[in-house]
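Residue strings, one per chain:
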Amino acid sequence: MERLEKAERVVPKMQATIAFVSGYVRQQVAQLDLTQPASFAMHAKLIPAYYLDRVAQTRSVSDGEALRELAERLRTPLFEPGGALSQMSPEVQDQLQQRAKTLAEVFQRSSSNVEGRNGYLSLRNHQLRGLDLPRKRECLTAIHNFFLTRADGTTAAERFFGQKPRSMSASILESVELPPAPLSPPRLP
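Keep in mind that what you see is a predicted model, and the values were worked out from it rather than measured.

Novice: Hey, could you run me through helix 1 (residues 2-30) in this one?
Specialist: Taking 1.5 Å of rise per residue, 29 residues should cover 42 Å, and helix 1 covers 42 Å from first to last C-alpha, within 8% of that figure. At valine 11, helix 1 shows its strongest bend, of approximately 35 degrees, with the proline proline 12 following within four residues. Those residues of helix 1 lying buried are Met14, Val21, Val25, Gln28 and Val29.

Here it is as structure tokens:
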């Protein structure tokens, strides 16, 4: 239920993100001043093909094979005789392919709201893969949220809550009972 509730909260933001990125991609393709068939080919075939290539890179070779094949099936007919992009010079075709790769990356980055933190955790914990260390992960997340600062001096927690959080050290000292001082000084041997 918690995951469903979380997904429900994220849907409106994802819709807004996709609408924004789609508008940005439309604007960038419009600036290329392409004919209608070439513009459609960029939107419907070339950019999605490069997006599929990006997704395939995140999978194992065998799991990504189907995605790479689909990307190739989308891309190849565009440049064959009679294809929407076949009448263009090889230089222009290369430029369009590079532009499509860039726009596919824009969409990929925008669709991963937390990729920065998740990617960082994945990289840092790669050597521990298979070991369950939730306490260590929680500690690293707390350090990330409360101690690491950006160039403007704000922490992730401060940006999230809109105010400076209470000192973590003060909170810990308030919640931990300190042992009393010894009644007599330690004896020397």
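Novice: Teacher, can you tell me more about the nonpolar core here?
Specialist: One recurring pattern in soluble globular proteins is that nonpolar side chains are buried together. Of all hydrophobic cores here, the largest spans 16 residues; its most connected members are Val25, Val29, Met42, Leu46, Ile47, Leu85 and Ala100. For this core, the secondary structure elements donating two or more residues are helix 1, helix 2 (36-57) and helix 4 (90-110). At six residues, helix 2 tops the list of elements feeding residues into this core. Not counting chain neighbours up to four residues away, the residues in contact with leucine 46 comprise Ala41, Arg75, Leu78, Phe79, Leu85, Leu96, Gln97 and Ala100.

Novice: Can you help me understand helix 3 (residues 61-79) in this one?
Specialist: Note that an α-helix has 3.6 residues per turn; residues three or four places apart therefore point the same way. With 19 residues, helix 3 ought to run about 27 Å at 1.5 Å a step, and its terminal C-alpha atoms sit 26 Å apart, in line with that. When we look at burial in helix 3, the residues that qualify are Gly64, Leu67, Ala71, Leu74, Arg75 and Leu78. Elements that come into contact with the buried residues of helix 3 comprise helix 2.

Conventions and cut-offs
Residues numbered from 1 in each chain as written. Predicted model: local features only at pLDDT ≥ 70, side-chain atom pairs only at ≥ 80, totals over all residues. Heavy atoms only, no water. Helix = DSSP H or I, 4+ residues; strand = E, 2+ residues; numbered from the N terminus. Expected span 1.5 Å × (residues − 1). Bend = angle between axes of the 7 residues up to and from the residue. Buried < 20%, exposed > 50% of the residue type's maximum accessible area, 1.4 Å probe, protein only. Core = buried A, V, L, I, M, F, W, Y, C linked by side-chain atoms within 4.5 Å. Contact = heavy atoms within 4.5 Å.

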